[in-house]
Amino acid sequence: SLPAKVTLVEVGPRDGLQNEKQPVPTATKIELVHRLQAAGLREIEVTSFVSPKWVPQMADNAEVMAGITRAPGVRYSVLTPNLKGWEAAALTRPDEIVVFGAASEAFSQKNINCSIAESIERFAPVVAAARAAGVKVRGAISCTVGCPYEGDIAPERVGLVARLMKEIGVQHVGVADTIGVGTPRKVQRALEAALAHYPLEEVSGHFHDTYGMAVGNVYAALELGIATFDTSVSGLGGCPYAKGATGNVATEDVVWLLHGLGIETGIDLDALSDAGGFIRAALGQGRDATASRVARAIGAN
Ligand code: HMG
Ligand code: MG
C-alpha cells in the first residue's frame, strides 16, 4: 500500500535558482522561502555553500540564511561539498546539510572536481563535524539512472555510493535522476539499490523532469513505500553541470498527485501556486513560464 503521509523537500530556492543566468536579488530568494513555508512546506533547501566561481547565483548563501524569518517546525537545509562549505554554513545554523556525490565518475569530476572516492574522503570530516554539532546529514547521489557523460548507470553503482555514504555516517540518501532520463522500473531499481543500505524513511527521490517522466517516477517510488521527495515550485531549475536537463518535478504537480491519492502533505496548493507565480514574475517571466501543468490548469501561475 502507498504511504499515508508524504514529506516534500522544497528545493526551488536552491536547485531551482542555481542555474538562473541573471542575478536573483537576495530579497527575492528570502521572499520565496517565506511564501513556501506559508504554503505549508516543512522542509526547504535554501541555498548552497559552494564556490561562487562555480555557481555565482548561490554567492549570497549567508545573506539568504540570515534574512529568513524561521517558522516553527520548518527544517532549513543547505548544500556543503567540503569543509570550507560546512564552516561557512555552520555559522548560519542550518537544521540539515547535504553532501552531494554521484554514481558516475565523470559527473563527479564535472560537478565537484574530484573522483567518487575523493568525494567520500572530503565528505567524511564534514559529516563528522555536522553530526557533532547536532546537524542532520543528508547525502544526494546524482546520475543514479543516467549520466550526461557516461550514459546508462547500473544500479550497483548507486548501491556502492550509498554504502560508502552509510560508512561515513550520512543519515539519509536522496536518489537523483539528474537529467530526467529515468522511467518507473529503472528508478525503482536505483531506489532499491539505496534501500539495501538505508531504511525506507531515510531514502528519498529527486527527479528532474526533462523527459516528462518525473510524476510517473514519483508514483513508482511510492509503490516501493518511499515517502520523501525533493520537488521544486513551478518546476524551476536544472544543474549547471548537466546541460539541457530541466528543473525538478514541480511541487504543485506532486501535491496534486498525492492529494488525489488521498495522501497527506500539509500543503495548500493555491498558496503554493501563488509562490510559483511570484518567483516566475520576479524572474521576469510570464504566467505561462511555469513548468507545472497543475499550476497552469488551476490558473494561479
Ligand atoms: P575545487 O576547485 O576542487 O576546490 O572545487 P578547491 O578546494 O581546490 O578550492 C578552489 C577555490 O574554491 C578556492 O578559492 C577555494 O577557497 C574555493 P581560490 O583560492 O581559488 O580563490 N572554495 C570554496 N569557496 C566557497 N565555498 C566552498 C568552497 N570550496 C572551495 N565550499 C567545489 C570544489 C566543490 C568547491 C567546486 O567544484 C564547486 O563549488 N562546485 C559546484 C557544485 C555545485 O554547486 N553543483 C550544483 C549542485 S549539485 C546538484 O544540483 C545535483 C543535485 O540537485 C542532485 C541531482 O539532481 O543530481 C543535488
Ligand atoms: Mg537536482
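Residues numbered from 1 in each chain as written. Chains lettered and ligands numbered in written order. Predicted model: local features only at pLDDT ≥ 70, side-chain atom pairs only at ≥ 80, totals over all residues.

The criterion, for reference: UniProt positions are given in the numbering used here, feature names are shortened, and annotations may be inferred rather than shown by experiment.
Taking an unreviewed UniProt entry as the reference, the chain is identified by name as Hydroxymethylglutaryl-CoA lyase belonging to Sphaerotilus microaerophilus. The annotation that UniProt attaches to the chain under Sequence similarities (unreviewed entry) is "Belongs to the HMG-CoA lyase family."

**A word on the overall build of the chain**
To keep it simple, the criterion reads: Numbering goes from the N terminus for both helices and strands, where a helix is a DSSP run of H or I of at least four residues and a strand is a run of E of at least two. When we talk radius of gyration, it's over C-alpha atoms, and the globule rule is simply 2.2 Å times the number of residues to the 0.38. Partly exposed residues are those whose C-beta has more than 12 but fewer than 20 other C-beta atoms within 10 Å; 20 or more makes a residue buried and 12 or fewer makes it exposed, with C-beta atoms placed from the backbone. Here, residues touch in the contact sense if the C-beta positions derived from the backbone fall within 7 Å of one another.
Counting its regular elements, the chain contains 12 helices and 10 strands. Relative to the compact-globule value of 19 Å for 301 residues, the chain shows a C-alpha radius of gyration of 17 Å, a close match. Along the three orthogonal principal directions, the C-alpha set of the chain runs to about 45 × 40 × 35 Å. Buried residues in the chain amount to 54% of all 301 residues. Pairs at least 24 apart in sequence give 72% of the contacts found in the chain among residues at least 6 apart.

**Concerning the site of ligand 1**
Put simply, the rule is: By convention here, the C-beta atom is placed from the backbone, and a residue is near a molecule or strand when that atom is within 6 Å of it. All residues other than Ala, Val, Leu, Ile, Met, Phe, Trp, Tyr, Cys, Pro, Asp, Glu, Lys and Arg, Gly among them, are scored as polar; the first ten of these are nonpolar and the last four charged.
If you check the shell around ligand 1, you find 26 residues, and the closest are V50, S51, G85, S142 and T178. Here the residues of the shell around ligand 1 sort into 13 nonpolar, 11 polar and 2 charged.

**Section: helix α6 (residues 116–132)**
Threshold: How far a helix is expected to stretch is found by multiplying one less than its residue total by 1.5 Å. The bend at a residue is defined as the angle formed between two axes, one fitted to the seven residues ending at that residue and one fitted to the seven starting there.
Between its first and last C-alpha atoms α6 spans 24 Å; for 17 residues at 1.5 Å apiece the expected length is 24 Å, and the two agree. The largest bend in α6 is about 25 degrees, located at F123, with the proline P125 one to four residues further on. Contact partners of the buried residues in α6: α4 (83–90), β4 (96–102), α5 (105–112), β5 (136–142) and α7 (155–167). Taken from the residues just after α6, G134 is the one with a positive phi, measuring 75 degrees.

**Concerning the pairing of strand β9 (residues 203–207)**
Heads up, the condition is: Handedness of a crossover is defined as follows: with both strands directed away from the viewer, a clockwise route from the first strand across the helix to the second makes it right-handed. For two strands to be treated as a pair, DSSP must find no fewer than two bridges joining them.
Burial analysis of β9 places 5 of its 5 residues in the buried class, the great majority of the element. Neither face of β9 is left uncovered, since the one carrying V203, G205 and F207 and the one carrying S204 and H206 both have all their residues buried. As for the winding sense of the linkage, the β-α-β connection from strand β8 (residues 172–177) through helix α8 (residues 184–195) to β9 is right-handed. Examined bridge by bridge, β9 and strand β10 (residues 228–231) share 2 bridges and lie parallel to one another. In the strand pairing of β10, H206 is matched with D230. Between β9 and its parallel partner β10, the chain crosses via helix α9 (residues 214–224), and the hand of that crossover is right-handed.

**Concerning the sheet that holds β10**
Spelled out, the test is: Throughout, an axis means a line fitted to C-alpha atoms (over the contacting stretch in the case of helices), and angles, computed between N-to-C directions, take values from 0 to 180 degrees.
Strand order in the closed barrel made by the 8 strands is β1-β2-β3-β4-β5-β8-β9-β10, with parallel pairing throughout. For this sheet, the mean inter-axis angle between neighbouring strands, taken without regard to orientation, is 25 degrees. Where β4 meets β5, 7 bridges bridge the pair, whose relative direction is parallel. Bridge assignment links G101 to a residue of β5, and that residue is I141. Its contacts with the sheet place α8 against β8 and β9, and it is angled at close to 160 degrees to β8.

**Thoughts on the nonpolar core**
Applied cut-off: To count as a nonpolar core, a set of buried Ala, Val, Leu, Ile, Met, Phe, Trp, Tyr and Cys residues must be joined through C-beta atoms within 7 Å.
Core analysis: the biggest nonpolar cluster contains 91 residues, and I141 and A194 have the highest contact counts within it. Look past the residues within four positions of A194 in its chain and what remains in contact with it is V158, A162, V173, V175 and V203.

**A short note on the packing of helix α10 (residues 251–260) against helix α11 (residues 269–282)**
Here is the rule we go by: Oblique is the label for any angle not under 35 degrees, not over 145, and not in the 65 to 115 range, which are roughly parallel, roughly antiparallel and roughly perpendicular in turn. In this scheme the crossing of two helices becomes right-handed for a clockwise turn of the near helix relative to the far one and left-handed for an anticlockwise turn of less than a right angle.
Relative to each other, α10 and α11 sit at 165 degrees, their axes nearing to 10 Å. The angle between α10 and α11 places the two elements in the roughly antiparallel class. Both α10 and α11 take part in a crossing whose hand is left-handed. On α11, the residues touching T251, E252, V255 and W256 of α10 are L269, L272, S273 and G276. Its residues placed into classes, the contact of α10 with α11 shows 4 nonpolar, 3 polar and 1 charged.

**Focus: the environment of T231**
Along the chain, T231 falls in strand β10. For T231, a count of 31 C-beta atoms within 10 Å gives the class buried. Along the sequence, T231 and K53 sit 178 residues apart, while their C-alpha atoms lie 26 Å from each other. Discounting residues that sit within four places of it in the chain, T231 has contacts with L8, E10, V11, N248, V249, A250, T251 and V254.

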